[in-house]
Amino acid sequence: MAQSNSFKIPIGPQHPALKEPESFSVALRGEKILGVDIRLGYNHRGIEKACEERTFLQDVYLIERVCGICSHSHSTCFVQAVEEIANLDVPKRGLYIRTLFAELERVHSHLLWLGVAGHEIGFDTLLMYTWKDREVVMDILAMLSGNRVNYGMNTIGGVRRDISPEQIQEVLKGMDILEEKTKYYIEVASQEATIINRLSGVGVVSKEDAIRLGAVGPTARASGVDRDMRRDDPYAAYPDVQFDVILDDHNDVYGRTVVRLKELMESYKIIRQLLKKIPDGPIAIKAPRKIPAGEAFSRYEAPRGEDVHYVKSNGTEKPERVKVRAPTLANVQVVKHMLKDRYLADMPIVIAAIDPCFSCTDRSIALHRHDSRKRDVVIWETVRLAGIEWYKKNGIDFTALNKRFMARLQK
Amino acid sequence: MTNEETVQQQLTAAFPFLASAVRAVRARRIFADVEYPHFKEVLEYLIREQKFVNLCTMTGLDEGATLGVIYHLATMEGMTVNLHTHVPKENPLLQSVMAYFPSAEAYERELKDLLGFNVQGLPEGNRYPLTDDWPDNEFPLRKDWKPKWASPEEGK
């Protein structure tokens, strides 16, 4: 009987709500979710194996591309492990710059999340506002590193670019703007009835369950789990700054929103302290090409939660093993738990509320031309031209149309 | 005495055979090697007595004749024990630790897919992370495994 009026619907791998592939098989009775089966792995491209075939230094850049949002998180987590094995004493200034980027990354990631959350509950005004404000921090990142994501700041032994006093002033200006905006969002989140009612009681996970299921990051902290690697296992320049670990006891999506918003305020606080205290001196020390044999386990508080890397060296220039565990993988069991006995309509926001990142989870990369063993970096222009050629071959030619379009633009 | 030294001392006191196998390498970091027959009792001791209630992840290793696995365990206060054990490569049999850590499911499926561990006690379910049509007995993270390049005809 129980089986006869329940049914399963597949959602994904092309997911209607999220921008990354993953597949959910949802068992439903009416609108109620009986259980969820999650299939991951669509983004798996063998990055750990690829790391073993490259040098430590090449791996820094490869690891940075595990994720588009927490790129700096992964590269920092990795270089920290390598520096520990090689016993490198990274200069303070390098650690401060590394930490500065870590917090700027958290700011852009949390603002991104707030927009996505707004979108998932049909509050697109919030999406437009937060993503507009997020440009402030994206511009800062671009000014400091030359890139909006994948900053290429880390190297084994420190960072690759210094920051100037003028840049520090620009960052501080940006922080003032963002702080003001964030205060407004906190006001909105604590007063706007539609947000409070839509998010409260949705995706509930108790403190006990959050610990038992291994929840990490804002997902865990919104259930009152007092854990933050920046404080518990301090790294980089975190021992030198003062900040609060934000906890909440709502245990639901609303709580996760509050935690992320308040964490933004803490990030601004950390950034200001870093820029005030940043010592003079070198930003990196030279690292040996061959890393002595050894192993290290590195933990890092990424915007989505604890990111861990294990690196083992065999004394050569290439690592013996690199293991990456991104925060989303730790939160998968929690999502299953949150969805059980809830309504199907809550699924997008519940999943979005852990701020999932499936590229991270599945790990990735290595681009090969299928007609040779050569590795290539494909630039955008090549892809564009290949697309044009493909359409031409298939009898579709946009040349005339493009010419007309260009002519109209020039008028 | 620092925290990690206390844990190291208590661990070797509880299991004298671990005397030379536990290393406190730096603040909050302990590495320990345990033979697989003793693994379960050491793990249970760490969880119950030392409150290592969080499994950060599990790392599988190809060690030549054996397959190794490291259980990265943590306390709520940030202390980490990296508990290493190994099983023979020709019969890489592991017991699932899902009863202690539900989150181990994904990590154990990974060990199965990428290194060919035989994990007993894993519930039926989707594989992770390889594709459903991935050939049997091909374990990418084994050292003797090399990628087979796709021919130009493939994928067309």
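Here, every reference points to the structure presented above.
These numbers were taken from a predicted model, which means no experiment stands behind them.

**Remarks on the pairing of strand β4 (residues 66-74) of chain B**
Residues and elements named next belong to chain B.
Here is step 1: Buried residues dominate β4, accounting for eight of its nine residues.
Here is step 2: With eight bridges connecting them, strand β3 (residues 54-62) and β4 associate as antiparallel partners. Residue pairing across strands places M58 opposite Y71, the latter belonging to β4.
Here is step 3: Once β3 ends, the chain turns through three residues before running back antiparallel as β4, passing G64 with a positive phi of about 90°.
Here is step 4: Looking at chain direction, β4 and strand β5 (residues 80-88) are connected through nine bridges and run antiparallel. Paired with I70 across the strands is H84, a residue of β5.
Here is step 5: Connecting the antiparallel pair β4 and β5 is a turn made up of five residues, with G78 showing a positive phi of about 105°.

**Examining the pattern of salt bridges**
Residue and element names in this part refer to chain A.
Here is step 1: Going through the model one piece at a time under the given rule, you end up with 41 salt bridges over all chains.
Here is step 2: A salt bridge links E317 to R289; the nearest nitrogen and oxygen atoms lie 2.3 Å apart. Of the two residues, E317 is situated in the loop between β7 (305-313) and β8 (319-325) and R289 in the loop between α11 (253-277) and β6 (294-302); the sequence distance between them amounts to 28 residues.
Here is step 3: A relative accessible area of 23% means that E317 is categorised as partly exposed.
Here is step 4: Bridged by salt links that share partners, the residues E103, R106, R221, D228, R230, E263 and E301 form one connected network.

**Details of the packing of aromatic side chains**
Aromatic ring pairs: the centre-centre distance and the angle between the two ring planes describe each pair.
All names here are of chain A.
Here is step 1: Evaluation of the coordinates by the stated rule reveals 11 aromatic pairs over all chains.
Here is step 2: Relative to Y238, the ring of Y235 lies with its centre 5.0 Å away and its plane at 75°, an arrangement referred to as edge-to-face. As far as the burial class goes, Y235 and Y238 line up, both buried.
Here is step 3: It is R39 that lies over the ring of Y42; its NZ or CZ is 6.0 Å from the centre.

**Notes on the environment of L67(B)**
Residues and elements named next belong to chain B.
Here is step 1: When you line up the elements, L67 lands in strand β4.
Here is step 2: Classification of L67 as buried rests on a relative accessible area of 0%.
Here is step 3: Between the C-alpha atom of L67 and that of V87, which follows or precedes it by 20 residues, the distance is 5.5 Å.
Here is step 4: Excluding anything up to four places from it in sequence, L67 contacts L61, D62, T85, H86, V87, K89, P92, L115, F117 and R142.

The rules we used
Residues numbered from 1 in each chain as written. Chains lettered and ligands numbered in written order. Predicted model: local features only at pLDDT ≥ 70, side-chain atom pairs only at ≥ 80, totals over all residues. Heavy atoms only, no water. Buried < 20%, exposed > 50% of the residue type's maximum accessible area, 1.4 Å probe, protein only. Helix = DSSP H or I, 4+ residues; strand = E, 2+ residues; numbered from the N terminus. Pairing = 2+ DSSP bridges. Salt bridge = Lys/Arg side-chain N within 4 Å of Asp/Glu carboxyl O. Phe/Tyr/Trp six-rings, centres within 6.5 Å; stacked < 30°, edge-to-face > 60°. Lys NZ or Arg CZ within 6 Å of the ring centre and 35° of its normal. Contact = heavy atoms within 4.5 Å.

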